[in-house]
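# Inside the fold
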Amino acid sequence: MKKIPVILSGGTGTRLWPLSRKELPKQFLGVASEKTMIQETVLRLRYMDFSDPIVVCNESYNSIVCEQLRDIQVDSPYVIFEPERRNSGPAVASAAFLAESFDTDSVIVVFPSDHVIRDAKNLAKAVEEGCRLAGLDKMVTLGVKPTYPETGYGYMEIYPESSDSTCYKLKTFVEKPDEKTATALIQKGNYFWSSGIFIFKAKVFLSELEKYSNEIYKNMKKAFSKATRKDHYLRLESESFKKIPFCSIDHAVMEYTDKGMVVPLDAGWSDIGSWHALWDYQDKDSNNNVLLGDVLALDTKESYILGKNRLVVGVGLKDIVIVETEDVVLVANKNRVQDVKKIVEELERKKHPATN
């Protein structure tokens with residue numbers, strides 16, 4: 001039974017704008033370390049017994065994906081190029097078709113390329129347990145115990161009585177809640193954040209996809225069968241692909257399947273989905289600030305300030321995010337940074353070049 005990592009690398013990272021841009025989104029940036037996020041994701045695989053990875057990304061990221069993987073001596077990944085963005089459901093489907101062609105019993109382990117994990121060894125233990133359950137035809141998500149009412153994450157409810165200390169039966173998914181709802185979910189105690197890491201047999205996922213999201217299944221099957229292949233590179237056929245609806249893996253399968261299981265993950269995980277999450281993840285000074293670049297802060301607390309090109313000065317600030325790039329300066333309340341996505345959407349509507 002092959003165990004194949006699948007690296008999803010098609011996101012645009014709009015909530016980390018203006019650092020993350022359409023042409024160079026956060027997974028290709030060194031946001032939390034010297035290496036880029038996709039490089040860190042692939043390097044974590046060395047703690048696990050895996051076959052060569054499958055990377056799924058937009059066709060426009062062809063060169064940068066291959067270049068960044070070569071830089072860390074990963075020379076033989078399988079890369080699937082999508083003609084357009086269609087979210088994680090179709091991306092996982094394409095990888096599942098490819099993995100099944102290698103081995104009909106192959107288990108795929110899906111990793112987003114833009115998350116950070118401090119403890120790769122603990123991740124490996126959780127993945128090992130997930131692979132054990134996947135071998136029993138279960139569909140596994142790694143869940144993170146919530147530490148605060150984050151509104152940018154999906155939540156998962158579990159059946160507490162199903163626990164054998166290493167896994168739980170999945171009850172329901174909860175879409176990104178408002179702060180009041182998130183607080184209530186945390187107080188109940190039987191909810192996890194969804195880490196975005198999924199583990200299952202390729203054939204089990206495809207069977208459930210055919211059952212619950214047939215439009216994705218049948219059009220991806222055509223796009224895959226008509227794909228153009230060269231060495232380890234595969235370009236999905238465009239006409240069939242464009243008929244596939246935009247859909248997350250949660251909406252496509254996980255919300256409906258009765259095979260769902262949750263394995264707890266305690267490994268310092270964050271999806272770095274916002275400036276607040278990045279502030280939370282990074283080391284701070286005595287005033288609980290993250291100050292990067294040419295920055296001077298006076299009477300400033302609980303803030304994130306990044307200066308890329310010039311001196312940035314903060315005076316009397318609290319819970320503020322300032323991000324200075326060559327063409328943009330973002331100033332936001334740290335507790336409102338989820339709304340940066342709305343700013344990007346407005347700029348895109350106006351066709352402003354600052355989104356590229």
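Residues numbered from 1 in each chain as written. Predicted model: local features only at pLDDT ≥ 70, side-chain atom pairs only at ≥ 80, totals over all residues. Heavy atoms only, no water.

## Some words on the pairing of strand 12 (residues 260-264)
Across the five residues of strand 12, four count as buried, placing the element largely inside the fold. Taken together, the five bridges between strand 6 (residues 139-144) and strand 12 define a ladder with parallel strand orientation. Within strand 12, the residue paired with M139 across the bridge is G260. (Buried < 20%, exposed > 50% of the residue type's maximum accessible area, 1.4 Å probe, protein only. Helix = DSSP H or I, 4+ residues; strand = E, 2+ residues; numbered from the N terminus. Pairing = 2+ DSSP bridges.)

## Notes on the UniProt feature "domain: MannoseP isomerase/GMP-like beta-helix" (unreviewed entry) in the protein chain
Annotation from UniProt places "domain: MannoseP isomerase/GMP-like beta-helix" (unreviewed entry) at residues 293-347. Helix makes up 15% of residues 293-347 and strand 51%, with an end-to-end C-alpha separation of 26 Å. (UniProt positions renumbered as here; feature names shortened; annotations may be inferred.)

## Structural notes on the nonpolar core
Counting residues in hydrophobic clusters, the biggest one holds 47 residues, and the most contacted among them are F111, L123, V127, L142, I199 and L265. Considering every element that reaches this core, the biggest residue donor is helix 4 (residues 120-134), with seven residues. Ignoring any residue separated from it by four or fewer positions in sequence, one finds L142 in contact with L123, A126, V127, M156, W193, S194, S195, I197, I199, V263 and L265. If you look at the next biggest cluster of nonpolar residues, it comprises 46 residues, including V6, A223, I249 and M254. (Core = buried A, V, L, I, M, F, W, Y, C linked by side-chain atoms within 4.5 Å. Contact = heavy atoms within 4.5 Å.)

## Section: the pattern of salt bridges
Taken as a whole and assessed by the stated rule, the structure comprises 19 salt bridges. Where K242 meets E84, a salt bridge forms, and the shortest distance between an N and an O atom there is 3.8 Å. With a gap of 158 residues between them, K242 in the loop between helix 8 (238-241) and helix 9 (249-254) and E84 in the loop between strand 3 (78-82) and helix 3 (88-102) connect regions that are remote in the sequence. In this structure K242 comes out as partly exposed when scored by relative accessible area, which is 47%. According to the relative accessible area criterion, E84 is partly exposed, its value standing at 28%. (Salt bridge = Lys/Arg side-chain N within 4 Å of Asp/Glu carboxyl O.)

## Observations concerning the layout of surface pockets
Roughly 320 Å³ of volume is contained in the second largest pocket. Breaking the lining of the second largest pocket down by element, the ones donating at least two residues are strand 13 (269-270) and helix 10 (275-281). It is helix 10 that contributes the most residues to the lining of the second largest pocket, three residues altogether. Taken together, the residues of the lining of the second largest pocket break down into 10 nonpolar, three polar and four charged. (1 Å grid on protein atoms, 1.4 Å probe; cavity = no way out; pocket = protein on both sides within 12 Å on 5 of 7 lines; lining within 4 Å. Points joined across faces, edges and corners; volume = space filled by probe spheres on them. Nonpolar A, V, L, I, M, F, W, Y, C, P; charged D, E, K, R; others polar.)

## Focus on the packing of helix 3 against helix 7 (residues 214-225)
Across the interface, helix 3 lies against helix 7 with an axial gap of 10 Å and an inter-helix angle of 55°. Classified by the interaxial angle, the pair formed by helix 3 and helix 7 is oblique. In this structure, the crossing between helix 3 and helix 7 has a hand that is right-handed. Contacts between helix 3 and helix 7 involve P90, A93, S94, F97 and L98 from the first element and I216, Y217, M220, K221 and F224 from the second. (Axes fitted to C-alpha atoms, helices over the stretch in contact; angles between N-to-C directions. Parallel < 35°, antiparallel > 145°, perpendicular 65-115°, else oblique. Left-handed = near helix turned anticlockwise from the far one by under 90°.)

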